[in-house]
Amino acid sequence: MPSLFDPIRIGSVTAANRIFMAPLTRGRATRDHVPTPLMADYYAQRAGAGLIISEATGISREGSGFPCAPGIWTDAQVQGWKPVTAAVHAAGGRIALQLWHMGRLVHPSFIGGTQPVSASATTAPGDAYTYDHGKQPYAQARPMTPDDIRRLLDEYALAARNAISAGFDGVQIHAANGYLIDQFLRDNCNFRDDAYGGSVANRIRLLVEVTQRVVYTVGAERTGVRLSPNGEVQGVNDSHPEILFPAAAAALDALDVAYIALREPQRNGTFGHADSPPVHPAIRKVFRGPLILNSDFTLSEAQAALDAGQADAIAFGRAFIANPDLPRRFAEHLTLAIGDMAGWYSKGAKGYTDYPDAPHARLAATAPASATATG
């Protein structure tokens with residue numbers, strides 16, 4: 001079986017190793033969602049990952065509701081991303097852009113006071129972060145109309161095209177974590193009675209149509225999809241994930257996408273928790289392409305997943321925040337640094353680009369990375 005340090009072909013990308021960087025929202029763009037030069041430094045520092053999946057990036061103003069998260073729908077945003085991708089490539093890395101529409105999780109203050117959109121007229125639990133008024137309760141969403149959905153498909157196509165123009169090696173469709181596509185997928189949030197609701201075949205329709213448009217626009221070999229099958233996230237869940245997500249994976253297999261990435265906790269994690277068994281064994285049976293697993297893996301667990309044939313690569317998230325040279329630390333069994341949560345969403349270099357690489361010296365084997373690394 002392959003090692004985490006072996007190369008792998010992911011669609012059009014040859015990744016130097018199977019230690020991928022998971023998408024991590026960091027809030028360092030401008031209020032107009034334009035990437036900043038600091039972001040080029042951040043991603044270039046982490047170019048040792050086999051493949052970087054960028055932070056979630058809005059496909060439209062309607063779909064963007066996190067302060068200072070980047071976008072990809074304007075020319076200024078495309079131009080802002082170009083130094084980022086150039087810096088990663090200059091450092092020998094590969095990077096894909098995650099395409100994001102937050103659906104009902106967009107607070108009205110981000111979209112001129114209008115209602116957010118979703119599968120149905122539902123309201124997310126909890127509060128949204130806003131620019132000027134701190135945390136505010138989410139607003140009830142309005143159901144997307146057929147015209148809204150046609151417009152949405154155009155927006156995904158434009159975003160994917162813009163991503164390639166900005167120099168990205170591919171795109172990942174964010175269909176996980178309770179955001180718009182996930183709101184259509186899962187039955188505790190989708191109460192539609194049209195072609196996009198009710199049966200499993202109907203609830204996966206938006207995911208399939210979005211993926212078809214992105215594949216048509218940039219190619220299947222440049223298109224990946226992220227799902228979160230086995231737990232409630234941001235109020236979104238499904239009563240039968242063991243039926244829903246293999247059906248979605250089979251449809252994605254028919255589109256020949258480059259890979260599927262699963263955020264699938266096997267225990268209570270930092271972001272969400274497992275309330276049903278992992279679905280990746282059933283997905284593995286119907287999806288022939290590479291499968292990437294993510295969520296609180298240690299180094300030893302990651303290698304065990306590859307050894308068992310459960311996955312082809314593992315994506316690490318938080319471990320990459322404080323350890324920009326994570327693959328080398330894993331390879332040399334170096335102690336991992338612990339990140340400071342207070343700097344996750346601050347606006348400057350502190351807690352972002354100020355984490356150093358490890359010294360070039362082997363540490364004692366009594367403190368292996370497998371004891372501390374999660375992602």
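Refer to the structure presented above.
Residues numbered from 1 in each chain as written. Predicted model: local features only at pLDDT ≥ 70, side-chain atom pairs only at ≥ 80, totals over all residues. Heavy atoms only, no water.

## Considering the pairing of strand β12 (residues 259-263)
Most of β12 is tucked away: 5 of the 5 residues are buried. Burial along β12 is two-sided: Tyr259, Ala261 and Arg263 and Ile260 and Leu262, pointing in opposite directions, are all buried. Judged from the 4 bridges that link them, strand β11 (residues 223-227) and β12 form a sheet pairing that is parallel. Residue pairing in the sheet places Arg226 in a bridge with Ala261 of β12. Between the parallel pair β11 and β12, the chain is carried across by helix α7 (residues 241-254), and the sense of this crossover is right-handed. Where β12 lies against strand β13 (residues 291-294), 4 bridges are found, and the strand directions are parallel. Opposite Ile260, over in β13, you have Leu291 as the bridge partner. (Buried < 20%, exposed > 50% of the residue type's maximum accessible area, 1.4 Å probe, protein only. Helix = DSSP H or I, 4+ residues; strand = E, 2+ residues; numbered from the N terminus. Pairing = 2+ DSSP bridges. Right-handed = clockwise from strand over helix to strand, strands pointing away.)

## Digging into the nonpolar core
With 85 residues, the main nonpolar core has Leu99, Leu227 and Ile314 as its most contacted residues. When near neighbours in sequence (up to four residues on either side) are disregarded, Leu227 contacts Ala175, Ala176, Leu185, Leu207, Phe245, Leu252, Ile260, Ala261, Leu262 and Arg263. Counting 15 residues, the second largest nonpolar core, distinct from the first, contains Ala15, Ala22, Leu51 and Ala313. (Core = buried A, V, L, I, M, F, W, Y, C linked by side-chain atoms within 4.5 Å. Contact = heavy atoms within 4.5 Å.)

## With respect to the packing of aromatic side chains
Scanning all chains against the criterion turns up 11 aromatic pairs. Relative to Tyr196, the ring of Phe184 has its centre 6.4 Å away and its plane inclined at 85 degrees; by these criteria the two rings are edge-to-face. With a gap of 12 residues between them, Phe184 in helix α4 (residues 180-185) and Tyr196 in the loop between α4 and α5 (200-203) connect regions that are remote in the sequence. A relative accessible area of 0% places Phe184 in the buried class. (Phe/Tyr/Trp six-rings, centres within 6.5 Å; stacked < 30°, edge-to-face > 60°.)

## Considerations on the packing of helix α3 (residues 146-165) against helix α6 (residues 205-218)
The interhelical angle for the contact between α3 and α6, taken along N-to-C directions, is 35 degrees, at an axis separation of 9 Å. For the element pair α3 and α6, the recorded crossing hand is right-handed. Contacts between α3 and α6 involve Ile149, Leu152, Leu153, Asp154, Tyr156, Ala157, Ala160, Arg161 and Ile164 from the first element and Leu206, Glu209, Val210, Arg213, Val214, Thr217 and Val218 from the second. Tallied by class, the residues present in the contact of α3 with α6 amount to 11 nonpolar, 1 polar and 4 charged. (Axes fitted to C-alpha atoms, helices over the stretch in contact; angles between N-to-C directions. Left-handed = near helix turned anticlockwise from the far one by under 90°. Nonpolar A, V, L, I, M, F, W, Y, C, P; charged D, E, K, R; others polar.)

## Focus on the pattern of salt bridges
In this structure the tally under the stated criterion is 16 salt bridges. Salt-bridge contacts for Arg186 lead to Asp182; the nearest nitrogen and oxygen are separated by 2.7 Å. You can call Arg186 buried: its relative accessible area is 0%. Across the pair Glu332 and Arg328 runs a salt bridge whose closest N-O atoms are separated by 3.2 Å. Among the residues examined, Glu332 registers a relative accessible area of 24% and is labelled partly exposed. (Salt bridge = Lys/Arg side-chain N within 4 Å of Asp/Glu carboxyl O.)

## As for helix α2 (residues 75-90)
When the terminal C-alpha atoms of α2 are compared, their 23 Å separation across 16 residues agrees well with the 22 Å that a helix rising 1.5 Å per residue should span. Considered for burial, the residues of α2 that qualify are Gln77, Val78, Gly80, Trp81, Val84, Thr85 and Val88. Where the residues of α2 are buried, they touch α1 (37-45), β4 (52-58), β5 (95-100) and α3. One or two steps after α2, the chain reaches Gly92, where phi turns positive at roughly 90 degrees. (Expected span 1.5 Å × (residues − 1).)

## Things to note about the pairing of β11
β11 sits mainly inside the fold: 5 of its 5 residues count as buried. Judged by which residues are buried, β11 turns out to be covered on both faces: Thr223, Val225 and Leu227 on one side and Gly224 and Arg226 on the other are all buried. Here 4 bridges tie strand β10 (residues 170-174) to β11, and the two strands are oriented parallel to one another. What sits directly across from Val171, in β11, is Thr223.

## Structural notes on helix α9 (residues 299-307)
Count 3.6 residues to each turn of an α-helix, and residues three or four apart come out pointing the same way. Where α9 is concerned, the buried positions are Leu299, Ala302, Gln303, Ala305 and Leu306. Summarising the axial view, the buried residues of α9 lie within an arc of 155 degrees, below the 170-degree limit, and thus occupy one face. Next to the buried residues of α9 lie β14 (313-316) and α11 (326-331). Just downstream of α9, Gly309 is the residue with a positive phi angle, here 75 degrees. (Arc of directions from axis to C-beta.)

## Some details on the packing of α1 against α2
Each pair of packed helices can be summarised by the angle the axes make with each other and by the distance between the axes. In the contact formed by α1 and α2, the axes pass within 8 Å of each other and the chain directions differ by 25 degrees. Compared by their axis directions, α1 and α2 come out roughly parallel. Like other packed secondary-structure pairs, α1 and α2 cross with a definite hand, here right-handed. Each of Met39, Ala40, Tyr43 and Ala44 in α1 lies in contact with α2, whose residues at this interface are Trp81, Pro83, Val84, Ala87 and Val88. (Parallel < 35°, antiparallel > 145°, perpendicular 65-115°, else oblique.)

## Some details on the side chain of Thr36
Structurally, the position occupied by Thr36 is in the loop between β3 (19-21) and α1. At a separation of 2.9 Å, a polar atom in the side chain of Thr36 contacts the main-chain carbonyl oxygen of Arg28. Those residues in contact with Thr36 that sit more than four places away from it in its chain are Arg28, Ala29 and Thr30. (Polar contact = N/O pair within 3.5 Å; in protein donor to acceptor, adjacent residues only side chain to side chain.)

## What to know about unusual backbone geometry
Despite not being glycine, Cys68 shows a phi value in the positive range, around 60 degrees. Counting through the fold element by element, Cys68 comes out in the loop between β4 and α2. Look at His333: it is not a glycine, yet its phi comes out positive at around 55 degrees. Take His333: its relative accessible area is 39%, and that puts it in the partly exposed class.

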